[in-house]
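Architecture at a glance
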Amino acid sequence: MEKHVVAKPYPSETRLSTFADRPSYKWWVTWTIMVGSFLFALDTTIVNIAIPKIMTSISADLNQIQWVLIIYMIGMAVVMPAAGWLSDLCGHKWLYTGSLVVFTVSSALCGMAWSPASLIFFRCLQGLGAGAIAPTAMAVIFRVFPPQQRGLGMGIYSLGWTFGPILGPTLGGYLTDTLSWRAIFYINLPLGIIGVVLAATVMGADLSGRRPRRPDLLGLVTMATGVVTLLLALSQGNREGWSSQYIVWLFVIAAVSLVLFVLIELWVGDPLVDLRLYRNATYSMASLVGVLLGFAMYGTSLLLPLFLEDFLEHTALQAAFIMLPGVVLTGAISPLVGKWTDRCNPRLFLVLGFLLAAASSYWFAGMGVQTEEKTLVWALVVRGGLGFVFPPLVMLGLRTLAREEISAASGLLNITRQIAGMGGIALAGVLLERWHYVHHLTGAEHLATSTVGVEQVQRTLGWMLQEGGDMGELLHTKVQAVLSQYLTQESLVVAFQDCYVVFTVVFVAAALASMCIPGGKEKQ
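No experiment lies behind these values; they were computed from the predicted model shown.

Let's shift gears to the overall build of the protein. Across its full length, the protein holds 21 helices and 0 strands. Once local pairs closer than 6 in sequence are excluded, the contacts in the protein between residues at least 24 apart make up 83%. As displayed, the protein has an accessible area near 23,700 Å², and 68% of this comes from carbon and sulfur atoms.

Here you go:
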């Protein structure tokens, strides 16, 4: 008589399975993936402030150093849309762990870079490693949390990519000044190693429900070509000129490649990126709101340090302290909003967050040289209302999708927001430069035709400078310099104000669009 032998699981498998069944498991996973998300978000901004010292250290020119910044975004942009396909290939756990390993190792290599070419290459590897972290982390959150707690999990997870970009410039400045620019990359090593160890041990299950996939090489090539050329055009348009042949050709190549990519993905049976996700009205509207969020948030994030440091002449550390209360508020309310999202209508928080951001932007539109620090702090505290936006937006976008669609959908949400952010940065730079020039011309014309007149202003300035002992040619030179500086300063104030008005409108548009996101039926 045959004996039925029941195979006993390996001790390690039993231990991991038991741990995954515990109520605390989801919290361990959340804190684990938050480490990686913080690191990848931190490196989007931490390098910028060290650029001058990097250029001197490795003898890089302006064009090469721009590639150090751009190539990181390009690396992420290539991987993000393919996160769903990669998850099916190797599973959430090992995709996340492997991506964090690549990110950590390439961070060490960036710190050891000996030339512009080596740093650019290692930054590309760093971006490729970072690209899968965010969409995979979001998919893991949706898998380990029950539907009634996903908002809370997303709120806690969002702490990482909320604090990262804002702490980047301050931490980067401190490390560069006290140690070396190489320290801004080496700082990733301890956290990266901890994150890898935790991911490999804490995430005991595969978590992805993966399925076999055939490679979509045509989709990969056309997507990579379109995204890379589009990001290049957006990032280099200000420097090269938007009507230059180089930028125009980049936009043409991007448009053709992306159109081909869409046609290929709709035609093939096993697409790299499932664009049919956009048939879901809830996901489509949430993606649109994400585009508006990225556009306005990144655009105002460019204006803010320029206004505080270049215009108001605060140091990087002073600017950091001014921004700190708003940063703390954003981080503090994100987990709370995530928890409330599980109980209340998420659209209410979206509308509230966008209206607070619009109010802050409009407040900045009325500021000038005489603005007090406490006014700046309060305006940035109001801007901290963006903490109301992040958890509910992701929740609304992903909750009506099936579990196997989450990775691809979160990757698309991230890449569309990143590209929109690059567009916001480009527009902010163009508008600020153009309106500064226009207002300077109109200010000079107004002064020339005013009842006071340029000559009377010059005589008044001359009399004031004579009181200080200036005479002759030096007096004339100083009068012209003071007048030019006054016009430059006033025209720059008005240019900043006009830019903030534009982004106020975008934030209001995002609030209105948030009200139009359909509810949809939540998937388990």
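More follows now that the structure is in view.
Our next topic: the packing of helix α5 (residues 83-90) against helix α6 (residues 92-111). Relative placement of two packed helices is described by the angle separating their axes and the distance separating the axes. Put simply, α5 and α6 touch, their axes get as near as 7 Å, and they point 110 degrees apart. Relative to α6, the element α5 lies roughly perpendicular. Crossing hand, α5 versus α6: right-handed. In this structure, α5 contributes Ala83, Leu86, Ser87 and Cys90 to the contact, and α6 contributes His92, Trp94 and Leu95. Its residues assigned to classes, the contact of α5 with α6 comprises 5 nonpolar, 2 polar and no charged.

According to the stated counting rule, one finds 10 aromatic pairs in the structure shown. Seen from their ring centres, Trp242 and Phe251 are 6.3 Å apart, and the 25 degrees between their planes marks the pair as stacked. On the basis of relative accessibility, which here comes to 30%, the residue Phe251 falls in the partly exposed class. The interplanar angle of 5 degrees and the centroid separation of 6.5 Å between the aromatic rings of Phe349 and Phe388 together place this pair among those described as stacked. Note that Phe349 is positioned in helix α16 (residues 346-364) and Phe388 in the loop between α17 (373-383) and α18 (390-398), a separation of 39 residues in sequence. Overall, Phe388 belongs to the buried group, its relative accessible area being 15%. In textbook terms, an aromatic cluster arises when at least three aromatic residues are bridged by ring pairs, as seen for Phe307, Phe364, Phe496 and Tyr500.

This part covers the pattern of salt bridges. Scanning the entire structure with this criterion turns up 1 salt bridge. A salt bridge links Glu372 to Lys374, with the shortest nitrogen-to-oxygen separation between them at 3.9 Å. Judged by relative accessible area, which is 57%, Lys374 ranks as exposed.

Attention now goes to helix α13 (residues 245-267). For α13, built from 23 residues, the straight-helix expectation of 33 Å at 1.5 Å per residue is met to within 8% by its first-to-last C-alpha distance of 33 Å. Looking at α13, one finds that the buried residues are Ile247, Leu250, Ala254, Ser257, Phe261, Ile264 and Glu265.

Relative to the helices and strands, Ile120 resides in helix α7 (residues 116-131). Along the primary structure Ile120 and Gln64 are separated by 56 residues, whereas in three dimensions their C-alpha atoms are 8.0 Å apart. Excluding its chain neighbours within four sequence positions, the residues that come into contact with Ile120 are Gln64, Trp67, Val68 and Ile71.

A few words now on a nonpolar patch on the surface. On the surface, Val248, Trp249, Val252, Ile253, Val256, Val259, Leu260 and Leu263 cluster together to form a nonpolar patch covering roughly 700 Å² of accessible area. Locating Leu260 in the fold gives a position in helix α13. In this structure Leu260 comes out as partly exposed when scored by relative accessible area, which is 42%.

Glancing now at the environment of Leu175. On the secondary structure map, Leu175 appears in helix α9 (residues 150-178). Judged by its relative accessible area of 7%, Leu175 is buried. Once you skip the residues sitting within four places of it in the chain, Leu175 turns out to touch Ser180, Ala183, Ile184 and Ile187.

Averaged over every residue, the pLDDT of the protein is 77; residues scoring 70 or more account for 82%. Within the protein, the element-level pLDDT minimum falls on helix α1 (residues 11-20), averaging 49, and the maximum on α16, averaging 92.

Attention shifts here to helix α14 (residues 281-311). Here α14 contains 31 residues, and its C-alpha end-to-end distance of 44 Å stays within 8% of the 45 Å for a straight helix at 1.5 Å per residue. For α14, the N-terminal cap is Asn280; the gap from its side-chain oxygen to the backbone nitrogen of Thr282 is 3.0 Å.

Attention now moves to the side chain of Glu265. Position of Glu265 relative to the elements: it lies in helix α13. Judged by relative accessible area, which is 0%, Glu265 ranks as buried. Not counting the four nearest positions on each side in its chain, Glu265 is found in contact with Asp216, Gly219, Pro271, Leu272, Val273, Leu275 and Arg276.

Calculation rules
Residue indices begin from 1 for each chain and proceed along its sequence in written order. Only residues with pLDDT of at least 70 get local features here, since the model is predicted, and only at 80 or more are side-chain atom pairs given and counted; chain-wide, interface and lining totals rely on the full set of residues. Hydrogens and waters are ignored; side-chain quantities use all the structure's heavy atoms. Only DSSP runs of H or I reaching four residues or more are called helices, and only runs of E reaching two or more are called strands; each is numbered from the N terminus. When checking whether two residues touch, look at their non-hydrogen atoms; a contact exists if any pair is within 4.5 Å. For accessible areas, the Shrake-Rupley method is used with a probe of radius 1.4 Å. Any residue's cover is judged against the shown protein chains and nothing else. In this analysis an axis means a line fitted to C-alpha atoms, helices contributing only their contacting stretch, and an angle means the value between N-to-C directions, from 0 to 180 degrees. Angles are sorted into four bins: roughly parallel if under 35 degrees, roughly antiparallel if over 145, roughly perpendicular if 65 to 115, and oblique for all others. For any pair of crossing helices, the crossing counts as left-handed if the nearer helix is rotated counterclockwise from the farther one by less than a right angle, and right-handed if it is rotated clockwise. Each residue gets one label: Ala, Val, Leu, Ile, Met, Phe, Trp, Tyr, Cys and Pro are nonpolar, Asp, Glu, Lys and Arg are charged, and the others, such as Gly, are polar. Aromatic contacts are taken between Phe, Tyr and Trp rings whose centres are within 6.5 Å, Trp giving its six-membered ring; a plane angle under 30 degrees counts as stacked, one over 60 as edge-to-face, and the others as tilted. Here's how the labels work: a residue is buried when its accessible area is under 20% of the maximum for its type, exposed when over 50%, partly exposed in between, all with a 1.4 Å probe on protein chains only. Whenever Lys or Arg places a side-chain nitrogen within 4 Å of a carboxyl oxygen from Asp or Glu, that contact is recorded as a salt bridge. For a helix, the expected span equals 1.5 Å multiplied by the residue count minus one. The patches described consist of residues with a relative accessible area above 30% and no salt bridge, like charges being joined within 9 Å and nonpolar side chains (Val, Leu, Ile, Met, Phe, Trp, Tyr) within 5 Å. Think of pLDDT as the predictor's per-residue confidence, scored from 0 to 100. A 3.5 Å cut-off defines polar contacts: any pair of N or O atoms within that distance qualifies, except that in protein one atom must be a possible hydrogen donor and the other a possible acceptor, and neighbouring residues in sequence count only when both atoms are side-chain atoms.

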